[in-house]
Amino acid sequence: MRQGGEWQWNAISFDLPPCIKGRILATPIQLYGVKRDTMNWKASKDREFTVASAYNLARPEEEHSSGFKGSWIWKIDTLPRICHFLWLCHHNSVPVRDVIVSRGIECEAVCPLCNSDAETIIHVLRDCPFAAAFWRKIVFNESQIGTGYD
Ligand SMILES: [Zn+2]
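Residues numbered from 1 in each chain as written. Predicted model: local features only at pLDDT ≥ 70, side-chain atom pairs only at ≥ 80, totals over all residues. Heavy atoms only, no water.

1. Here we look at the overall build of the protein
Now for step 1: Along its length, the protein carries 7 helices and 2 strands.
Now for step 2: When its helices and strands are written in sequence order, the protein yields β-β-α-α-α-α-α-α-α.
Now for step 3: By residue count, 12% of the 150 residues in the protein fall in the buried class.
Now for step 4: Counting only contacts in the protein whose residues sit at least 6 apart along the sequence, the fraction spanning at least 24 positions is 12%.
Now for step 5: Taken as a whole, the protein presents about 12,700 Å² of accessible surface, with 59% of it coming from carbon and sulfur. (Helix = DSSP H or I, 4+ residues; strand = E, 2+ residues; numbered from the N terminus. Buried < 20%, exposed > 50% of the residue type's maximum accessible area, 1.4 Å probe, protein only. Contact = heavy atoms within 4.5 Å. Areas by Shrake-Rupley, 256 points an atom, 1.4 Å probe, with all protein chains shown as cover.)

2. Here we look at the coordination of the zinc ion
Four donors placed tetrahedrally about a metal ideally form angles of 109.5 degrees, and six donors placed octahedrally ideally form angles of 90 or 180 degrees.
Now for step 1: For the zinc ion, the protein coordination sphere consists of Cys 111 (SG), Cys 114 (SG), His 123 (NE2) and Cys 128 (SG), at 2.0 to 2.3 Å.
Now for step 2: Around the zinc ion sit 4 donor atoms; with metal-centred angles ranging over 103 to 118°, the donor geometry is tetrahedral.
Now for step 3: Along the chain, the residues that donate to the zinc ion are spaced as C-x2-C-x8-H-x4-C. In this pair, Cys 114 is assigned in the loop between helix H5 (97-102) and helix H6 (121-127) and Cys 128 in the loop between H6 and helix H7 (129-149), connecting sequence segments 14 residues apart. Each member of the pair, Cys 114 together with Cys 128, is buried. (Donors = N, O, S within 2.8 Å, 3.2 Å for Na, K, Ca; no water. Tetrahedral: all angles 85-135°; square planar, octahedral: opposite > 155°, others 65-115°.)

3. Here we look at the packing of aromatic side chains
Now for step 1: Applying the stated criterion across every chain, the model contains 4 aromatic pairs.
Now for step 2: Between Trp 7 and Trp 9, the ring centres sit 5.9 Å apart and the planes meet at 20°, which makes this aromatic pair stacked.
Now for step 3: You can call Trp 9 partly exposed: its relative accessible area is 25%.
Now for step 4: Consider the rings of Phe 134 and Trp 135, whose centres lie 5.3 Å apart with planes at 70°: the pair is edge-to-face.
Now for step 5: Look at Trp 135 and you get partly exposed, because its relative accessible area is 42%. (Phe/Tyr/Trp six-rings, centres within 6.5 Å; stacked < 30°, edge-to-face > 60°.)

4. Notes on the pattern of salt bridges
Now for step 1: Taken as a whole and judged by the stated rule, the model has 2 salt bridges.
Now for step 2: Between Glu 119 and Arg 97 there is a salt bridge, with the nearest N and O atoms lying 3.9 Å from each other. Remark: Arg 97 occurs in helix H5 and Glu 119 occurs in the loop between H5 and H6; sequence separation between them is 22 residues.
Now for step 3: As a salt-bridge pair, Asp 127 and Arg 126 come within 2.7 Å of each other at their nearest N and O atoms.
Now for step 4: By relative accessible area, which is 40% here, Asp 127 ends up partly exposed. (Salt bridge = Lys/Arg side-chain N within 4 Å of Asp/Glu carboxyl O.)

5. Some points on the nonpolar core
Now for step 1: Residues Cys 89, Val 94, Val 96, Val 99 and Ile 121 constitute the largest nonpolar core, which totals 5 residues.
Now for step 2: Discounting chain neighbours no more than four positions away, the residues touching Val 94 are Phe 85, Leu 88, Cys 89, Val 99 and Ile 121. (Core = buried A, V, L, I, M, F, W, Y, C linked by side-chain atoms within 4.5 Å.)

Structure (structure tokens):
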């Protein structure tokens, strides 16, 4: 209970530990106006609760200090399924063999197509000779279609 700007600690029948008293004393109190106290969510700038702010608060300190670097993905002007696939790649969540092994499932991590390197996401999409041949074929076909319309 507060009277005259001071907490009346003797109004309760027991002694509060100093750490609790310190927290109560450190809590800002409205001294002027008639507006009632409201709940504020300290993890967001506008003090409104959002799931994203709760998620950031729940993550370990070192992760949310660096921030999410993939927000650019959602700003790309393309199909949502492509944005979603890029988001999965950015979070290392495409189930290629290297990701599966890193999650504790026993399987061979080597690429079954080329048998020369680990099957990582970047290997499957770019570095594997079979992927490179696929991309060259698509680019070649696109250039063939392009010359047909000229
Ligand atoms: Zn390969």
